[in-house]
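Commentary on secondary and tertiary structure
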Amino acid sequence: MTKENHVATASPEITQSGGEGAASPSKNGVKRRSFLKSLGVAGAALSGGSLLTTAAEASPRASIITVGDVAILRFLAAAEILETDLWQQYNELGGIQDSEVPGGSGSPAYAAAISFLDGDMSQYIHDNTEDEMTHEVFINAYLVSKGAEPVSLDQFRTLPSSQATGAQQIGRLTNLMQLSVDTSWWTRYRSGTQNPDFGDTFPNAVPTLAGGMFTAIPRNNAELEIGSTIVPVDTHVQAIANTAGFHFAFIEQGGTSLYASIAQRVSSVEVLRIVLSIGGTEIMHFQTWHDKAGNAKPLTDGALVFPDLTNDIPQPESLQSNLIMPEPTVFLSKKFPVCSIIRPTATAGVATGAVKALTDDGLFRGQTPDFFEFLGDLAEEADAARREV
Ligand SMILES: [Fe+2]
Ligand SMILES: [Fe+2]
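Report follows, based on the coordinates. All figures in this text were calculated on a predicted structure; none of them were measured in a lab.

**Section: the pattern of salt bridges**
Per the stated rule, a full pass over the model turns up 9 salt bridges. The salt bridge involving glutamate 270 is made with lysine 146; its shortest N-O contact spans 3.9 Å. Separated by 124 residues along the polypeptide, glutamate 270 in helix α12 (residues 269-293) and lysine 146 in the loop between α7 (121-145) and α8 (184-188) bring together distant segments of the chain. The class of glutamate 270 is partly exposed, set by a relative accessible area of 42%. Aspartate 291 serves as the salt-bridge partner of lysine 292, at 3.2 Å between the closest nitrogen and oxygen. Residues participating in the shared-partner salt-bridge network are Asp85, Asp154 and Arg157.

Here is the structure:
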């Protein structure tokens with residue numbers, strides 16, 4: 001039997017969720033090559049007897065999930081691997097290194113600067129990192145339990161580590177040293193009249209941070225020890241820590257919207273439970289980091305200016321640092337009363353939108369074309385998933 005025939009045999013099984021309405025891959029507009037990838041069907045698995053067929057025959061029908069759910073989970077697994085990679089870099093230098101989150105040995109100067117935002121920052125960085133590790137491992141284990149191949153990005157771990165003492169010297173997936181951090185989530189969550197799902201756009205709370213390339217971790221020891229004639233070293237290290245503080249919230253507000261948006265196209269109740277349960281922790285992370293970013297020390301480090309967002313000075317409501325609860329705003333239709341909500345939550349194109357946002361953030365600067373193709377395929381397949389009921 002050829003590979004093509006084998007998949008043709010396997011795919012109707014895996015697409016039946018209770019037997020009704022299973023869309024074919026072509027109806028979903030998914031390219032056949034990428035469709036095979038979305039199933040996680042490896043050539044070796046097919047030639048040796050289809051992993052999918054075996055799983056489908058061995059499992060009760062209720063445990064079979066749709067092709068769309070597999071695509072959504074595979075994209076989320078990739079997103080969690082990327083989150084783990086970036087959070088591990090933060091933890092190695094600014095968090096707590098222990099058996100729960102191993103790797104690195106800490107950078108006292110960087111950790112001290114981060115602690116300006118909150119005395120418990122090192123614990124929070126540790127816990128956010130641990131959470132991402134468990135998200136990644138759980139989603140991949142669930143995929144395996146359904147006969148789908150887990151996601152690995154190991155071949156793309158090619159980016160350099162920080163040279164500062166405390167960081168592991170290993171290949172990375174993400175680049176925290178040339179970021180352009182979008183801080184418009186700050187003003188977006190303070191608006192009572194606008195919502196990105198209506199096409200509204202929002203100004204940055206820290207405009208210069210979005211307009212350049214800045215590091216959120218010390219790149220080397222000199223950066224922690226030697227100032228310039230213009231900027232004292234303490235100010236520069238605090239600027240790096242402030243950048244990290246806003247980046248933490250940028251990442252986790254993205255996860256907050258991603259999970260809420262993509263949940264709307266999940267078919268299986270169990271997969272919905274996974275997406276809602278993991279998505280809820282992304283919300284908790286965002287809420288924490290939102291609060292801490294408001295403590296960033298006002299300073300100027302060359303082109304990078306952190307304005308005073310604290311309540312020490314009068315602020316417009318769009319900037320006031322203690323307004324960390326979502327301001328009620330327009331939702332679904334302007335005919336309805338305003339509502340306190342996560343925003344955005346529109347589901348169309350959310351996976352490709354998430355990849356674009358992370359790319360624009362500079363997180364993948366230096367990555368290879370193969371990386372962008374692989375991640376782009378996973379995102380397209382997740383965005384092609386449709387809810388089947
Ligand atoms: Fe996560
Ligand atoms: Fe997260």
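After that view of the structure, there is still more to cover.
**Thoughts on the packing of aromatic side chains**
Evaluated as defined, the whole model comprises 18 aromatic pairs. A centroid spacing of 5.5 Å and a plane angle of 55 degrees characterise the contact between tryptophan 87 and tyrosine 90, whose relative ring orientation is tilted. Highlighted residues: tryptophan 87 and tyrosine 90, both in helix α5 (residues 67-94), separated by 3 residues, approximately one helical turn. For the pair tryptophan 87 and tyrosine 90, a shared accessibility class is recorded, and that class is buried. Taken together through their ring pairs, the aromatic side chains of Trp185, Trp186, Tyr189, Phe246, Phe286 and Phe306 make up a single cluster. It is arginine 190 that lies over the ring of tryptophan 186; its NZ or CZ is 3.8 Å from the centre.

**Things to note about helix α14 (residues 369-384)**
Taking 1.5 Å per residue as the helical rise, α14 with its 16 residues ought to reach 22 Å, and the 22 Å between its terminal C-alpha atoms agrees with that figure. Restricting attention to buried positions, one finds in α14 the residues Phe371, Phe374, Leu375, Gly376, Asp377, Leu378, Ala379, Glu381, Ala382, Asp383 and Ala384.

**As for the nonpolar core**
Within soluble globular proteins, side chains that are nonpolar generally end up buried alongside one another. Of all hydrophobic cores here, the largest spans 86 residues; its most connected members are Phe75, Leu76, Tyr90, Tyr110, Leu153, Phe246 and Ile262. For leucine 76, the contacting residues outside a window of four places in its chain are Ile139, Leu258, Tyr259, Ile262 and Val275.

**Notes on unusual backbone geometry**
Cis geometry is found at the peptide bond from arginine 343 to proline 344, where omega equals 0 degrees. Take proline 344: it is sitting in the loop between β2 (304-306) and α13 (350-360). One non-glycine residue, leucine 332, adopts positive backbone phi at about 65 degrees. Mapped onto the secondary structure, leucine 332 falls in the loop between β2 and α13. According to the relative accessible area criterion, leucine 332 is exposed, its value standing at 66%.

**Side note on the coordination of the iron ion (ligand 2)**
Taken together, Glu83 (OE), Glu132 (OE), Glu252 (OE), Glu252 (OE) and Glu282 (OE) make up the protein donors of the iron ion (ligand 2), found 2.0 to 2.7 Å from the metal. One chain supplies every donor to the iron ion (ligand 2), and in sequence these donors are spaced E-x48-E-x119-E-x29-E. Between the iron ion (ligand 2) and the iron ion (ligand 1), both coordinated by glutamate 83, there is a metal-metal distance of 3.4 Å. Residue glutamate 83 is found in helix α5, and its partner glutamate 252 is found in helix α11 (residues 233-262); the two are separated by 169 residues along the sequence. The exposure classification of glutamate 83 matches that of glutamate 252, with both residues buried.

**Focus: the coordination of the iron ion (ligand 1)**
Protein ligation of the iron ion (ligand 1) involves Glu80 (OE), Glu80 (OE), Glu83 (OE), Glu132 (OE), His135 (ND1) and Glu282 (OE), the donor distances falling in the range 1.9 to 2.5 Å. If you look at the iron ion (ligand 1), its 6 donor atoms make angles of 56 to 168 degrees with each other, and the shape they trace is irregular. Here the donor residues of the iron ion (ligand 1) are spaced in sequence according to E-x2-E-x48-E-x2-H-x146-E.

**Observations concerning the packing of α13 against α14**
For the pair α13 and α14, interaxial distance at closest approach is 7 Å and the crossing angle is 150 degrees. Where α13 abuts α14, its residues Val350, Ala351, Thr352, Val355 and Thr359 lie against Phe372, Leu375, Ala379, Glu380, Ala382 and Asp383. Classifying every residue of the contact of α13 with α14 by side-chain character gives 7 nonpolar, 2 polar and 2 charged.

The rules we used
- Residues numbered from 1 in each chain as written.
- Chains lettered and ligands numbered in written order.
- Predicted model: local features only at pLDDT ≥ 70, side-chain atom pairs only at ≥ 80, totals over all residues.
- Heavy atoms only, no water.
- Salt bridge = Lys/Arg side-chain N within 4 Å of Asp/Glu carboxyl O.
- Helix = DSSP H or I, 4+ residues; strand = E, 2+ residues; numbered from the N terminus.
- Buried < 20%, exposed > 50% of the residue type's maximum accessible area, 1.4 Å probe, protein only.
- Phe/Tyr/Trp six-rings, centres within 6.5 Å; stacked < 30°, edge-to-face > 60°.
- Lys NZ or Arg CZ within 6 Å of the ring centre and 35° of its normal.
- Expected span 1.5 Å × (residues − 1).
- Core = buried A, V, L, I, M, F, W, Y, C linked by side-chain atoms within 4.5 Å.
- Contact = heavy atoms within 4.5 Å.
- Donors = N, O, S within 2.8 Å, 3.2 Å for Na, K, Ca; no water.
- Tetrahedral: all angles 85-135°; square planar, octahedral: opposite > 155°, others 65-115°.
- Axes fitted to C-alpha atoms, helices over the stretch in contact; angles between N-to-C directions.
- Nonpolar A, V, L, I, M, F, W, Y, C, P; charged D, E, K, R; others polar.

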